[in-house]
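# Structural description and commentary
Spelled out from the first residue to the last, the chains are:
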Amino acid sequence: MKHETAFASELTWPDYHAAVRDGGTPILIPLGSMEQHGHHMPLHVDVLLPTEFAKRVAPQIGALVAPAFTYGYKSHQKSGGGNHLPGTTSLDGATLVAALKDVVKEFARHGVRKICLVNGHFENSWFIIEGIDLALRELRWDGITDLKVVVLSYWDFVHKEAIAQLYPNGFPGWDVEHGGVLETSLMLALYPQHVHLDRAVDHPAATFPPYDVYPVKPEWTPCSGTLSSPKDASTEKGQILLEVCTKGIVEALRTEFA
């Protein structure tokens, strides 16, 4: 079925009902966070990017894009700089789990039977799984057993060949990519007006001991808030990422929602 718009919230309720009541139309739910991304990018990077991937994927699989989760789980020091940094505005895990569970159950009540959660914030991962598990359990109590939920993070579709193009001088690893080449390149390709490379801080990739300490030690996080340098980011690299990740997500969802 073709839709005039890919966004579920822009439809009237009769049009939305007609699209989803038979279970054939997938719903894509972007999940992000409000989290600092260095001196050169805004706080809603983790919302903009998964929403953009959902928007690009939806027409290719006949899906609708739901409103994004704009707050996420707490920033972890080793993957997002830490929840202590200004601007980062996070949910408790139980809050995110409860909200996600409710939303998944509501879409199932509407008739939706295919849902994909498009994650843009690493720290959300385990809470997404818990929310889905609880939703599926409660739906089974109501006799709904045919809902399928796919969970994915767009960066997991960046294959080795693309990594070689993006990081010719060596890949620092996903764990320190926060605010680095990947996110900055995507933002340059999609929202250049929100990127201020002249304010980016160039520094070596962060290193951490093999343990965590709470409360966090702020001195472990580079003062920029990013965990690796964005200096090698480019619009061209962003286009590579857009193509690779979109293609990978489309192929995965065509397989799972066939």
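Refer to the structure presented above.
These notes cover the structure that comes with them. (Residues numbered from 1 in each chain as written. Predicted model: local features only at pLDDT ≥ 70, side-chain atom pairs only at ≥ 80, totals over all residues. Heavy atoms only, no water.)

Now for the pattern of salt bridges. Oppositely charged side chains may form a pair once their charged atoms are brought near each other. Tallied over the entire structure, the rule returns nine salt bridges. Asp212 serves as the salt-bridge partner of Lys78, at 3.4 Å between the closest nitrogen and oxygen. Here Lys78 is found in helix H3 (residues 77-80), whereas its partner Asp212 is found in the loop between helix H7 (181-190) and helix H8 (235-256), with 134 residues between them in sequence. For Asp212, a relative accessible area of 39% puts it in the partly exposed group. Linking Lys148 and Glu256 is a salt bridge whose minimum nitrogen-to-oxygen distance equals 2.9 Å. With Lys148 in strand E4 (residues 148-153) and Glu256 in helix H8, the pair connects residues that are 108 residues apart, well separated along the chain. (Salt bridge = Lys/Arg side-chain N within 4 Å of Asp/Glu carboxyl O. Helix = DSSP H or I, 4+ residues; strand = E, 2+ residues; numbered from the N terminus. Buried < 20%, exposed > 50% of the residue type's maximum accessible area, 1.4 Å probe, protein only.)

For Ser229, the location among the structural elements is in the loop between H7 and H8. Judged by relative accessible area, which is 13%, Ser229 ranks as buried. Polar contacts involving the side chain of Ser229 include one to the side chain of Asp202, which spans 2.7 Å. Here Lys231 takes part through its backbone nitrogen, which lies 3.1 Å from a polar atom of the side chain of Ser229. Beyond its immediate sequence surroundings of up to four residues, Ser229 is in contact with Gly180, Val181, Val201, Asp202 and His203. (Polar contact = N/O pair within 3.5 Å; in protein donor to acceptor, adjacent residues only side chain to side chain. Contact = heavy atoms within 4.5 Å.)

Attention now goes to the packing of aromatic side chains. Evaluation of the coordinates by the stated rule reveals six aromatic pairs. Here Phe53 and Tyr154 contribute two aromatic rings whose centre-to-centre distance is 4.9 Å and whose plane-to-plane angle is 25°, an arrangement assigned as stacked. One end of the pair, Phe53, is in helix H2 (residues 45-61); the other, Tyr154, is in the loop between E4 and helix H6 (160-166), with 101 residues separating them in the sequence. One aromatic cluster is present, formed by Phe53, Tyr154 and Trp155 through successive ring pairs. (Phe/Tyr/Trp six-rings, centres within 6.5 Å; stacked < 30°, edge-to-face > 60°.)

Leu28, Tyr154 and Leu253 are the most contacted members of the largest nonpolar core, which totals 42 residues. At the level of secondary structure, the elements contributing two or more residues to this core comprise H2, strand E3 (114-119), E4, H6, H7 and H8. Per-element accounting of this core gives the leading share, eight residues, to H2. With residues up to four places along the chain from it excluded, the contact list for Tyr154 reads Leu49, Phe53, Asn119, Gly120, Leu182, Glu183, Leu186, Cys245 and Ile249. Leu64, Val104, Ile128 and Leu139 belong to the second-largest nonpolar core, a separate cluster that totals 25 residues. (Core = buried A, V, L, I, M, F, W, Y, C linked by side-chain atoms within 4.5 Å.)

As a further point, take H8. When the terminal C-alpha atoms of H8 are compared, their 31 Å separation across 22 residues agrees well with the 32 Å that a helix rising 1.5 Å per residue should span. Among the residues making up H8, those that are buried are Lys237, Gly238, Leu241, Leu242, Val244, Cys245, Thr246, Gly248, Ile249, Val250 and Leu253. Looking at the packing, one finds that the buried side of H8 touches strand E1 (27-31), H2, E3, E4, H6 and H7. (Expected span 1.5 Å × (residues − 1).)

Everything listed is a geometric property; what it means functionally is a separate question.
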